[in-house]
Amino acid sequence: MKAAELLVKCLENEGVEVIFGIPGEETLAINDALLDSSIQFVTTRHEQGAAFMADVYGRVTWRAGVCLSTLGPGATNLLTGVADANMDHAPLVAIAGQADTNRLHKESHQVLDLQHIFAPVTKYSSRVLTPNVVPEVIRKAFKLAQTEKTGACFIEFPENLATMEVDSAPLRAQQPTLPEPAEDRVAAAAAVISQARHPILLAGNGVIRARAWRQLADFAHRLNIPVANTFMAKGVVPFKHPMALGSVGLQAHDYVNTGFDRADVIVCVGYDLVEYHPRLWHPTRDRKIIHVDTAPAEVDSCYTVEIGVVGDIGHSLNQIADRAQPQQGHPLRPLREALIEDMDRHQADMAFPLKPQKIIWDLRTALDKEDMVICDVGAHKLWMARMFRCELPNTCLISNGFASMGIAVPGAVAAKLAYPGRRVVAVTGDAGFMMNSQEIETALRLHLPLVILIWNDGGYGLIEWKQMAHYGRIAHVRFNNPDFVKYAEAFGATGHRVGHASELLPILRQALADDGVNIIDCPVDYSENLKLTAKLGETIFQL
Ligand SMILES: Cc1ncc(C[n+]2csc(CCOP(=O)(O)OP(=O)(O)O)c2C)c(N)n1
């Protein structure tokens, strides 16, 4: 067998069902071997699209998403999506072709040292130097990508090795189980929680990765502790749950932040610092932090841990809940009620261009609770994070570690491929849309029905928001858009333009019922941004 065939066998052995990528000269043998494999190869229109697809596929399937590119420029195009996956702890394995090993030591056409380029944005970056190591390299990449904290791994595969004969076989695919939390840590955490006057829970994306959302909701319910979630943990507690406080990570003094001000004990569960910097919710550095996670806490001057409970998150929560005394009352209920009032206020608002709150209201109304939204990065993300109610995890995916624009359209392709039975919407700004809109063709070719909802403000809205808040004038953020309806039609998709606030909901319903790709151009009124800033605090800290 050739090494490229062995590589494909190893990928099959890891349970890989789909690879996203673009074939290249240096991956000829791999792409040819894939023809005889059960693995589906999804040809994308940009390697960045392929990497974002693998990133989101990993988030929603809990298995490493896989992407493939050629050497040099193909591989550097993968980089942003790989970095996004790694910083957001999405399991991903990226494979790139490489030149013949006989020309790697010198200046040579398209040759870059990919192993070193990818090292800072992965957990493991490796170059295959002999065909015999293929099973070990693949097993190690998948093991690390899929073991907490999950993330990205990279493999560089020189073309001359790919065609060498090899006599080897895949290694058994197995994942380590997480340890049980230490009993004394559980007891100490339970004691601190029992003695707390106003404890609050901060749930992060690690709860989703650990599939521990039921245990989290049960913990909050049994101990009567309110829960705020990061953007990347939307849905970990159903919003209808009376203890749910909504998403944090928006502005200096948003409602939930006020809740943090009052808390004396903050129980952080599956929370990573990249999701929401602790200086934003713990500037006073004087509260007791209980850290419940799969790994010890990152060091930060605003995140000094009182008690760390490290191990399987679901088990840790159950064991603490068994020992702790429940709280009385729900002092933060008015905060929840104020948030709900805010969410409900604009449901019948007929202003045009549409207010962000109205767009979100109509989107939530049109979607079922299992349907999935992949959100891009920009002002729309901050509104979606704050106002879009989720009842289930992974139903509103937000990249908030690396926070890269351009994830929504390719991400939606991957989500639909993983969950054909659920409706999928990409929510994106006009700028983020244009960064990876070429993947509309991929969705159409794969017959994946999608809705792309563009919040059209003719500019880099979030940056304009910050510029206005800081300097009172805008700089270099305005641009012209193509006619998005004609743009959609040029691909063979369906385009819609919202011309009145009353049109959005019927257009959304029509688009969601269609079996093609539907692109909705929805004008948005971002003057609401500064009103929100005035209300919730002057600085937007996180993009
Ligand atoms: C790849 C990338 N480039 C730049 C940024 C910085 N950035 C964050 S939001 C934003 C503007 C986004 O504009 P748009 O997609 O139209 O969304 P809007 O803010 O208007 O809702 C920029 C430039 C980023 N996060 N990612």
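Keep in mind that what you see is a predicted model, and the values were worked out from it rather than measured. (Residues numbered from 1 in each chain as written. Predicted model: local features only at pLDDT ≥ 70, side-chain atom pairs only at ≥ 80, totals over all residues. Heavy atoms only, no water.)

### Comments concerning the packing of helix H8 (residues 183-195) against helix H13 (residues 313-323)
Part 1 of the argument: Where H8 meets H13, the closest approach of the two axes is 8 Å, and the angle between their N-to-C directions is 55°. Taken together, the axis directions place H8 and H13 in an arrangement best described as oblique. Classified by chirality, the crossing of H13 by H8 is right-handed. Across the interface between the two elements, Glu183, Val186, Ala187, Ala189, Ala190, Ile193 and Ser194 of H8 pack against Gln319, Ile320 and Arg323 of H13. (Axes fitted to C-alpha atoms, helices over the stretch in contact; angles between N-to-C directions. Helix = DSSP H or I, 4+ residues; strand = E, 2+ residues; numbered from the N terminus. Parallel < 35°, antiparallel > 145°, perpendicular 65-115°, else oblique. Left-handed = near helix turned anticlockwise from the far one by under 90°. Contact = heavy atoms within 4.5 Å.)

### Considering the nonpolar core
Part 1 of the argument: Counting 77 residues, the largest nonpolar core has Leu363, Met384, Leu453 and Trp455 as its most contacted members.
Part 2 of the argument: Apart from the residues lying within four places of it in its own chain, the contact partners of leucine 453 are Ile359, Leu363, Val425, Ala426, Val427, Thr428, Leu504, Ile520 and Cys522.
Part 3 of the argument: Core analysis: the next-biggest nonpolar cluster, separate from the first, contains 56 residues, Ala94, Ala408, Ala488 and Val517 among them. (Core = buried A, V, L, I, M, F, W, Y, C linked by side-chain atoms within 4.5 Å. Buried < 20%, exposed > 50% of the residue type's maximum accessible area, 1.4 Å probe, protein only.)

### A few points about the sheet that holds strand S4 (residues 92-98)
Part 1 of the argument: Overall, parallel pairing links the six strands, which are arranged S2-S1-S3-S4-S6-S5 in an open sheet. Both outer strands of the open sheet, strand S2 (40-43) and strand S5 (124-127), are each paired with one neighbouring strand and no more. Strand-to-strand twist across the sheet, computed as the mean angle between neighbouring axes with direction ignored, equals 20°.
Part 2 of the argument: Pairing of strand S1 (residues 18-21) with S2, which is carried by four bridges, proceeds in the parallel orientation. Counterpart to isoleucine 19 in the pairing with S2 is phenylalanine 41. (Pairing = 2+ DSSP bridges.)

### Focus: the confidence of the model for the chain
Part 1 of the argument: Chain-level statistics for the chain give a pLDDT mean of 95 and a share of 97% at 70 or above.
Part 2 of the argument: Low pLDDT, under 50, characterises residues 539-543; the predicted model gives this stretch 26 contacts beyond four residues in sequence or across chains. (pLDDT = per-residue confidence, 0-100.)

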